[in-house]
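# Structural overview
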Amino acid sequence: MAKTSEVAIRPMEMLRKSLEKNIMVEVRSKRVYSGILEGYDVYMNLVIRNASETINDENRGIHQRILVRGDNIIYVSPSGGDEN
Amino acid sequence: MAKTSEVAIRPMEMLRKSLEKNIMVEVRSKRVYSGILEGYDVYMNLVIRNASETINDENRGIHQRILVRGDNIIYVSPSGGDEN
Amino acid sequence: MAKTSEVAIRPMEMLRKSLEKNIMVEVRSKRVYSGILEGYDVYMNLVIRNASETINDENRGIHQRILVRGDNIIYVSPSGGDEN
Amino acid sequence: MAKTSEVAIRPMEMLRKSLEKNIMVEVRSKRVYSGILEGYDVYMNLVIRNASETINDENRGIHQRILVRGDNIIYVSPSGGDEN
Amino acid sequence: MAKTSEVAIRPMEMLRKSLEKNIMVEVRSKRVYSGILEGYDVYMNLVIRNASETINDENRGIHQRILVRGDNIIYVSPSGGDEN
Amino acid sequence: MAKTSEVAIRPMEMLRKSLEKNIMVEVRSKRVYSGILEGYDVYMNLVIRNASETINDENRGIHQRILVRGDNIIYVSPSGGDEN
Amino acid sequence: MAKTSEVAIRPMEMLRKSLEKNIMVEVRSKRVYSGILEGYDVYMNLVIRNASETINDENRGIHQRILVRGDNIIYVSPSGGDEN
């Protein structure tokens, strides 16, 4: 088995690797934001560019740029391929 | 690809760049505040000038100045163009 | 554009400027307290004098003095004019 | 206008001034405790003596002494006059 | 009036004085635990011996020993007399 | 009366004494986990072995090993006798 | 009885041992994520590879990689055998 210290990808590292790539973020109350990750901080607050907003699977338009508060995030998923 | 250290825009940096510009803030319970960002702190507490308040898509009037507590914020979106 | 360092009004500064003036505070569960701000701390706990209480837009009387816990606050709005 | 440093009454100071006096505390879930404040700490945990308990405006009896956890408090109101 | 420094009973002090005595603890979701306080910590986590559990005023049996998490506590009330 | 310093059992101490013994943990949303306590940390996160899961009093099977997050715990009860 | 210091498996240790193995994570709102644990941090934020998502027992597809925020986690269960 691979050594732990080599394979582990810490959450903040995953965010760093996702910079300038497409991500999908789901927050409480069935909201989903999809766009390009521009930045983040240790609280998991995210800055997303060209963020499309979906509430209850219904499209609510695009935010040119949005700061999503980390507190309400359920998950962050990089979309698209090999982000390593 | 651009170097990470150059392109990343941290959340607090986005707020700093939005000072004296229009922002839209959504907080829990379907409230939206739109106005000019006058100030903020590390807890994402925001001071907004000429803030129009919307609850459940219904206009509730204008606050000359308002301090929105960061705890309840879902997202902050700068409105209007090139804030870089 | 004005320099950021000059125009930014941090949240705690707005509270300081509102001391001995009328404010309106909305907290969760549709409660509103209006009165004169007598004091505050970094947790946004507020001491309000002559505070009228409204729940669901229904008047519930006056508290000579009240300590409103910051945790539940949605926003604080100075009421009335030029508090600078 | 009065000088800020003289008039501001910080929340903890209001509690200190209320020691051995009657207070009314409302906590979440429509609970109200009224009695004599015996002690407090920085988390706003309160020790109240001869505390009558009301839930949904219905009297639930007296606690000889009770420790109310600060987390759930909405407000604390001194009852009765000039506590300065 | 008595001097504050002499009469104030801080919340942790009340717990200390209640050690090995009967207490009643109400936590969220209408749960009540009554028994002998065996220990506590600064988070208000409590260890209770011979703890009877009541949910919605319905008896649910006895726990020989139980650790109740402080987070959910609404109040702690010593039951019975002069715990000074 | 026994001396406080001798009889007090702090919450973390109760967990330490319960290591390798049966415990029952109730968390929010009417979930109960019963099994052998293998480990814990200061956040009250628990590692339980052979943990049976019950939701709304309905059996949901066994987890060979499970890490229950401390945040959601209502209480931890050692099951079975004299763990002193 | 075995010595405590030898048998205790702390929560973070369980996560470390689960790296590159299958885990099942349940978060609030009846969501379950199953896949290979790639990383974690002290907040219990988890990076999971090939994560299948289930909401209310209904399959919602696969995330190639997902960062699940620790705040909402109810439990983490390693699936499959002897992870020691």
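Residues numbered from 1 in each chain as written. Chains lettered and ligands numbered in written order. Predicted model: local features only at pLDDT ≥ 70, side-chain atom pairs only at ≥ 80, totals over all residues. Heavy atoms only, no water.

Accessible area lost when the parts come together is the quantity often used to give the size of an interface. The partner chain G presents 25 residues to the 26 residues of chain A that form the contact. Inspection of the region where chain A meets chain G yields 2 salt bridges. Put simply, Asp71(A) and Arg69(G) hold a salt bridge, and the shortest N to O gap is 3.8 Å. Where chain A meets chain G, there are 11 residue pairs in polar contact (both at pLDDT 80 or more). Mapped onto the side of chain A that touches chain G, the elements with two or more residues apiece are α1 (4–7), α2 (11–17), β1 (22–27) and β5 (73–78) of chain A. (Contact = heavy atoms within 4.5 Å. Salt bridge = Lys/Arg side-chain N within 4 Å of Asp/Glu carboxyl O. Polar contact = N/O pair within 3.5 Å; in protein donor to acceptor, adjacent residues only side chain to side chain. Helix = DSSP H or I, 4+ residues; strand = E, 2+ residues; numbered from the N terminus.)

On to unusual backbone geometry, then. You will see that Ser29(A), though not glycine, has its phi angle at about 65°, which is positive. The backbone phi angle of Lys30(C) is positive, close to 55°, even though this residue is not glycine. Positionally, Lys30(C) belongs in the loop between β1 (22–27) and β2 (31–40). When its relative accessible area of 55% is taken as the criterion, Lys30(C) is described as exposed. (Buried < 20%, exposed > 50% of the residue type's maximum accessible area, 1.4 Å probe, protein only.)

A few words on the relation of the copies chain A and chain G. Each of the two chain copies can be generated from the other by rotation about an axis followed by a shift along it. With an axial shift of 0.0 Å and an RMSD of 0.0 Å, the rotation relating chain A to chain G amounts to 51°. In this assembly, only 8% of the residues forming the interface of chain A have copies in chain G that are likewise at the interface, indicating a heterologous arrangement. (Least-squares fit on C-alpha atoms with pLDDT ≥ 70 in both.)

Taken as a whole, this structure holds 7 aromatic pairs over all chains when the rule is applied. Centre to centre, the rings of Tyr75(A) and Tyr33(G) are 5.9 Å apart; their planes meet at 65°, and the pair counts as edge-to-face. Note that Tyr75(A) is positioned in strand β5 and Tyr33(G) in strand β2 (residues 31–40), a pairing that runs across two chains. Cation over ring: Arg10(E) sits above Tyr40(D), and NZ or CZ is 5.5 Å from the ring centre. (Phe/Tyr/Trp six-rings, centres within 6.5 Å; stacked < 30°, edge-to-face > 60°. Lys NZ or Arg CZ within 6 Å of the ring centre and 35° of its normal.)

Regions with low pLDDT should not have their predicted coordinates read in detail. Residues with a pLDDT of 70 or more make up 86% of chain A, whose mean pLDDT is 88. Both scores are available for the predicted complex, with the pTM at 0.89 and the ipTM at 0.88. (pLDDT = per-residue confidence, 0-100.)

Our focus in this paragraph is the pattern of salt bridges. For the structure shown, the criterion picks out 56 salt bridges over all chains. The salt bridge involving Lys17(E) is made with Glu13(E); its shortest N-O contact spans 3.9 Å. Of this pair, Lys17(E) and Glu13(E) both sit in helix α2 (residues 11–18), separated by 4 residues, roughly a single helical turn. The salt bridge partner of Glu53(F) is Arg31(F), with a shortest N-O separation of 3.2 Å. Separated by 22 residues along the polypeptide, Glu53(F) in strand β3 (residues 46–55) and Arg31(F) in strand β2 (residues 31–40) bring together distant segments of the chain. Just as Glu53(F) is buried, Arg31(F) falls in that class too.

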